[in-house]
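Descriptive structure summary
Now for the letters of each chain:
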Amino acid sequence: MQRRKKEQQLVGKKNPNTILGIMRHLRKMIKLAIGEGIITHDLFEGYSPERPKAEPEYLTREELNKIIPPP
């Protein structure tokens, strides 16, 4: 939970998938900076972003009947 709080402080109140995208770009920039010699160590070492669990949404019987009318 502490990790999520830190991420939200960095990027504001965003969707967890948006945070993942932002963190991916930051990680890439850090790796480029290491390759160029701008910084000496990986700030993301040991870091693994929290991935949100997707909850499936199912159609109701009524919605299904609108799409595929019963015979």
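Keep in mind the model is a prediction, meaning the values are calculated, not measured. (Residues numbered from 1 in each chain as written. Predicted model: local features only at pLDDT ≥ 70, side-chain atom pairs only at ≥ 80, totals over all residues. Heavy atoms only, no water.)

**Overview of the overall build of the protein**
Tallying secondary structure elements over the protein gives three helices and zero strands in all. In the protein, the succession of helices and strands from N to C terminus is α-α-α. Looking at the protein as a whole, 15% of its 71 residues are labelled buried. Within the protein, residue pairs in contact and separated by at least 24 positions form 44% of the contacts whose partners lie at least 6 positions apart. Surface exposure of the protein reaches about 6600 Å², of which carbon and sulfur atoms provide 56%. (Helix = DSSP H or I, 4+ residues; strand = E, 2+ residues; numbered from the N terminus. Buried < 20%, exposed > 50% of the residue type's maximum accessible area, 1.4 Å probe, protein only. Contact = heavy atoms within 4.5 Å. Areas by Shrake-Rupley, 256 points an atom, 1.4 Å probe, with all protein chains shown as cover.)

**Considerations on a nonpolar patch on the surface**
A contiguous nonpolar patch, built from L59, L64, I67 and I68 and spanning about 390 Å² of accessible area, is present on the exposed surface. In this fold, L59 is placed in the loop between α2 (16–36) and α3 (61–67). (Patch = residues over 30% accessible without salt bridge, like charges linked within 9 Å, V, L, I, M, F, W, Y side chains within 5 Å. Salt bridge = Lys/Arg side-chain N within 4 Å of Asp/Glu carboxyl O.)

**Considerations on the environment of L43**
Positionally, L43 belongs in the loop between α2 and α3. A C-alpha to C-alpha distance of 8.2 Å links L43 and R27, two positions 16 residues apart in sequence.

**Concerning the side chain of D42**
Checked against the element boundaries, D42 lands in the loop between α2 and α3. Separated by 2.8 Å, the side chain of D42 and the backbone nitrogen of F44 make a polar contact. Setting aside anything within four residues of it in sequence, one finds D42 in contact with I30, K31 and I34. (Polar contact = N/O pair within 3.5 Å; in protein donor to acceptor, adjacent residues only side chain to side chain.)

**Describing α2**
With 21 residues, α2 should reach 30 Å at 1.5 Å per residue; the first-to-last C-alpha distance of 30 Å fits that figure. For α2, the full list of buried residues reads I19, L20, G21, M23, I30 and A33. Within two residues after α2, G37 carries a phi angle of roughly 80°, on the positive side. (Expected span 1.5 Å × (residues − 1).)

**Points about the pattern of salt bridges**
Close approach of charged atoms allows side chains of opposite charge to pair. Going through the model one piece at a time under the given rule, you end up with one salt bridge. Across the salt bridge formed by K31 and D42, the nearest N and O atoms sit 3.9 Å from each other. Here the residue K31 occupies a position in helix α2, and D42 occupies one in the loop between α2 and α3, the gap between them amounting to 11 residues.

**Some words on the confidence of the model for the protein**
Summary statistics for the protein give a mean pLDDT of 83 and a share of 82% for residues scoring 70 or more. Within the protein, the lowest mean pLDDT, 62, falls on helix α1 (residues 2–11), and the highest, 91, falls on α3. (pLDDT = per-residue confidence, 0-100.)

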